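One-letter residues, chain by chain:
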Number of protein chains: 2
Amino acid sequence: MHFSIDTHAFITGVQNANKAVSSRTTIPILTGIKIKVETKGITLIGSDSDVSIETFIPKSDEEQTYMTIHEEGEMVLQAKYFSEIVRKMPGETLTLEKDGNMAATISSGNVVFHLNGFDPDNYPKLPQLEEEQVILLPQHLLKDIIRQTVFAVSTQETRPVLTGVHFSIKNRELTATATDSHRLAMRTVGVETDETLEINNVIIPGKSLTELSRILDDSEDMITIVVTKTQVLFKMNHLLFFSRLLDGKFPLTSNMIPSEGKTTVTLPTKALNQSLERAMLLSREAKNNVVHIKSIGTTEIEIMSISAEVGKVKESIEAQEINGAELQIAFNGKNILDALKTIDSEIISLMFTGTMSPFVVQPLDHQQMIHLFSPVRTS
Amino acid sequence: MHFSIDTHAFITGVQNANKAVSSRTTIPILTGIKIKVETKGITLIGSDSDVSIETFIPKSDEEQTYMTIHEEGEMVLQAKYFSEIVRKMPGETLTLEKDGNMAATISSGNVVFHLNGFDPDNYPKLPQLEEEQVILLPQHLLKDIIRQTVFAVSTQETRPVLTGVHFSIKNRELTATATDSHRLAMRTVGVETDETLEINNVIIPGKSLTELSRILDDSEDMITIVVTKTQVLFKMNHLLFFSRLLDGKFPLTSNMIPSEGKTTVTLPTKALNQSLERAMLLSREAKNNVVHIKSIGTTEIEIMSISAEVGKVKESIEAQEINGAELQIAFNGKNILDALKTIDSEIISLMFTGTMSPFVVQPLDHQQMIHLFSPVRTS
């Protein structure tokens, strides 16, 4: 194996593959990045066994020629050092040459690194997925879906399915749902797919989606999602992102969402957000995150929180509208704040169904997002 | 105690006083900020017993009137909550009123906080310093001096004096010296002071200087330093920064610095910096930070480092000039890198006195900075 390559293009490729590599893996070879050199270009692969990333640098494209291939071959080099070394290389191009059995010489300008590696034959093969269940949507939309759901997954391993986001498809509509059983976030979007395609119980680990989100940009470029029984593949330009799926049955969430409430409040997202941040100063200290809310007449909401040690805060927000019965309820302020940060709409509606029943928070200007919260019982 | 104040001015004052407060103090009242309200303005004090900051907000200045004082008085409020609360207040002005024995009501816009505090009578008094030994210099220069020495203090408590920076004054010249016994950083500057003033063995804790540095700006505004036997005071506009001094005798460093060497190398600071960063990728892994350097002829320097597990790196730097005997030496690359980052000059000179003797790194364009390093013995 022997090639010279544009340093900048190589850095980008190595950094992308490196995003899947975890230093905490128990499988030594997965601390490496696999480099596969063929006449058409160079493939770089990183994996932590849950997530795998395969990225390809073509020999050339419309813009420029990126490399000169002297000899094809495969190697696995230690990701941590390899990625830092290429990033710190001084020249416009760098040369990588196999040097002995499992080591490489990487040189650029006046700098020569000798770097040890692993036997490439031991690197696990990436899965070959049947492309039967395929969905297309723009990158920025997938990025939004992830941002607006993944925060609500459970961080506890007691119910593993809840650490993932549930994806379902019906009538060309994708619904993504996450819940930790105290709160639920649901986002729906239209997607391009076969109109007969129905998918249910596809649960993608939250960690995989968070990692994927770091690779996605805000462009209109389409991303292709391929779903199988055990794996999901996100296909972008020159980049494949594989994730395993979570085993198990996701709870049925559609019937949890109340259709009508006893009290409905409409108010500016930002006002509630800032008010809760102040309330959380004290309820975080009390370690229970409890915030109290109460309606005053038909235009005012009172927010209150208390910490026996530190003090208390009380403030009022002007609502656009309050309909229905008088309201007094307590909730986990942090959960609401997490959700508010993902709502891009300026006005939200809150729908309450009773002091001890779940309540709904929704943007006012569209129906594609629902947040559901359990209230907190206070004595 | 009762006043209304411009929120922005109050935030700045509270944040400054809060910089001295440590959450790890064992003295409960020092988790608070002392507020002293008088007709002329408001004084805010924070302290962790090593460092104390007193900041003053005048009732008004040329630009505007900052407050309305309804009643004078003193309080101590919990720093952590108090500083966050004022920062998150919605209105242009906020009102603070004593409420019961040791609590305050802080309100702004529709928001009302009740915050518990401490008995202000228990707050320690700040020292009254005799202004006999006084030095003046511009803020930006003091900031430079700190940046260029404090990185070299010892982080180990085995020799407490080495955790501080030694300040001495003679002939209107201030010399700041820090050493951890493997490396030494020394910076001299001219200062305004009584020409007969001689100060020696004033050792300011590195931590205090790092904290002070965060308050200093890059302006030409003069800062006044008052030195006593046990305390130092830095006086800025409306802000007093007190630090205790370290007890003990600082090692005599002036005779450690060799006056002439066997080999002198002149080269660009940036080239050596980048080269050492690459070398450190491997020598950090080897956990010894050892980098080898060797002269090749009269214009080239070879930098090499090695890690048995990962690999090795070798590169050459073009020197402007190499004079004297052939050179081959090993050193702690991290220590040199730390020093290079504080040298603003483009060209540096390295002076070596032998494989096992300390060597000097200096900027080429002025004489006000010296870095000294012990070499590393390699087998």
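The name given to chain A in an unreviewed UniProt entry is Beta sliding clamp, with the source organism recorded as Salicibibacter halophilus. If you open the UniProt record of chain A and go to Subcellular location (unreviewed entry), you find "Cytoplasm". The UniProt entry for chain A carries this comment under Sequence similarities (unreviewed entry): "Belongs to the beta sliding clamp family."

Caption draft 1: Representation of the UniProt feature "domain: DNA polymerase III beta sliding clamp central" (unreviewed entry) in chain A in the model. The sites that carry the UniProt feature "domain: DNA polymerase III beta sliding clamp central" (unreviewed entry) are, in the present numbering, residues 137-251 of chain A. For the annotated span residues 137-251 of chain A, helix accounts for 18% and strand for 44% of the residues, and the straight-line distance between the end C-alpha atoms is 26 Å.

Caption draft 2: Here's a closer look at the interface of chain A and chain B. Across the contact, 30 residues belong to chain A and 30 residues belong to chain B. When chain A packs against chain B, close to 2500 Å² is buried across both sides, 55% of that on carbon and sulfur atoms. Where chain A touches chain B, the interface holds two salt bridges. A salt bridge links R284(A) to E84(B), with the shortest nitrogen-to-oxygen separation between them at 3.8 Å. Taken together, the links from chain A to chain B amount to 12 residue pairs in polar contact (both at pLDDT 80 or more). Contributions of two or more residues to the side of chain A that touches chain B are made by α2 (79-87), β9 (111-118), α5 (269-285) and β22 (311-318) of chain A. The class makeup of the residues in the side of chain A that touches chain B is 13 nonpolar, six polar and 11 charged. Judged from the five bridges that link them, β22(A) and strand β9 (residues 111-118) of chain B form a sheet pairing that is antiparallel. Its bridge partner being in β9(B), E315(A) is matched across the sheet by V111(B).

Caption draft 3: Representation of the relation of the copies chain A and chain B. Rotating chain A by 180° and translating it 0.0 Å along the rotation axis places it on chain B, where the RMSD comes to 0.0 Å. Expressed as an axis order, the relation between the two copies is that of a two-fold axis. If distances are taken from each C-alpha of chain A to the rotation axis, the shortest is found for R24(A), at 16 Å. Of the residues that chain A buries at the interface, 100% are likewise interface residues in chain B, meaning the two copies contact each other through the same surface.

Caption draft 4: Up close: α5(A). Residues and elements named next belong to chain A. Between its first and last C-alpha atoms α5 spans 24 Å; for 17 residues at 1.5 Å apiece the expected length is 24 Å, and the two agree. Along its length, α5 shows its largest kink, about 35°, at A279. Of the residues trailing α5, K287 is marked for its positive phi of about 65°.

Caption draft 5: Spotlight on the sheet that holds strand β12 (residues 173-179) of chain B. Residues and elements named next belong to chain B. Taken in spatial order, the nine strands of this open sheet run β15-β11-β12-β13-β27-β26-β25-β19-β23, and their pairing is antiparallel. Bordering the open sheet on either side are β15 (199-205) and β23 (321-324), each of which pairs with just one other strand. Here the strands of the sheet are splayed against their neighbours by 20° on average, with no regard to which way each runs. As paired strands, strand β11 (residues 164-170) and β12 are joined by five bridges and run antiparallel to one another. Of the residues in β12, the one forming a bridge with H166 is T177.

Caption draft 6: View of the side chain of N16(A). Within the secondary structure, N16(A) sits in helix α1 (residues 7-18). Its relative accessible area of 15% is what places N16(A) among the buried residues.

Caption draft 7: Representation of the pattern of salt bridges in the model. According to the stated counting rule, one finds 31 salt bridges over all chains in the structure shown. The salt bridge partner of R278(A) is E315(A), with a shortest N-O separation of 2.9 Å. Pair noted here: R278(A) is in helix α5 and E315(A) is in strand β22, with a separation of 37 residues, a long-range link. Both residues of the pair, R278(A) and E315(A), count as buried. We note a salt bridge from K143(B) to D218(B), for which the minimum N-O separation is 3.8 Å. In this pair, K143(B) sits in helix α3 (residues 139-149) while D218(B) sits in the loop between α4 (206-215) and β16 (222-227), placing the two residues 75 residues apart along the sequence. Taking the relative accessible area as the measure of exposure, K143(B) reaches 22% and is therefore partly exposed.

Caption draft 8: Quick peek at the packing of α1(A) against α2(A). Residue and element names in this part refer to chain A. Two elements in contact, α1 and α2, have axes separated by 9 Å at closest approach and are oriented at 155°. Taken together, the axes of α1 and α2 are roughly antiparallel relative to one another. Like other packed secondary-structure pairs, α1 and α2 cross with a definite hand, here left-handed. Along the contact surface, α1 presents T7, F10, I11, V14, Q15 and N18, while α2 presents A79, F82, S83, V86 and R87.

Thresholds applied
Along each chain, residue indices are assigned from 1 in the same order as the chain's sequence is written. Labels are handed out in written order, letters beginning with A for the chains and numbers beginning with 1 for the ligands. pLDDT decides what is reported in this predicted model: residues at 70 or higher carry local features, side-chain atom pairs at 80 or more are listed and counted, and totals for whole chains, interfaces and linings draw on all residues regardless. Hydrogens are left out, water is left out, and the side-chain values use all remaining heavy atoms of the structure. UniProt positions are given in the numbering used here, feature names are shortened, and annotations may be inferred rather than shown by experiment. By the criteria applied, helices consist of DSSP H or I runs no shorter than four residues and strands consist of E runs no shorter than two, each listed in order from the N terminus. In this description, contact between two residues means that some pair of their heavy atoms is separated by no more than 4.5 Å. The quantity reported as buried area is the accessible area (1.4 Å probe) lost by two parts once they are put together, taken as the sum for both. Note on definitions: salt bridges are taken to be side-chain nitrogens of Lys or Arg within 4 Å of carboxyl oxygens of Asp or Glu. For this analysis, a polar contact is any N or O atom pair within 3.5 Å, provided that within protein one partner can donate a hydrogen and the other can accept it, and provided that sequence-adjacent residues contribute only side-chain to side-chain pairs. Side-chain classes follow a simple rule in which Ala, Val, Leu, Ile, Met, Phe, Trp, Tyr, Cys and Pro form the nonpolar group, Asp, Glu, Lys and Arg form the charged group, and the remainder, Gly included, forms the polar group. Think of it this way: DSSP has to see at least two bridges between two strands before they count as a pair. Copy-to-copy superposition: least squares on the C-alpha atoms, limited to residues that have pLDDT of at least 70 in both copies. Helix span is expected to be 1.5 Å times the residue number reduced by one. To get the bend at a residue, fit one axis to the 7 residues ending there and another to the 7 starting there, then take the angle between the axes. Convention adopted: a line fitted to C-alpha atoms gives each axis, helices being fitted over their contacting stretch, and angles between N-to-C directions are expressed from 0 to 180 degrees. Exposure is judged per residue with a 1.4 Å probe applied to protein chains only, and the accessible area is read against the type maximum: over 50% gives exposed, under 20% gives buried, and values in between give partly exposed. Oblique is the label for any angle not covered by the other classes, which are roughly parallel (under 35 degrees), roughly antiparallel (over 145) and roughly perpendicular (65 to 115). Two helices that cross are described as forming a left-handed crossing if the nearer one is turned anticlockwise from the farther one by less than a right angle, and a right-handed crossing if clockwise.

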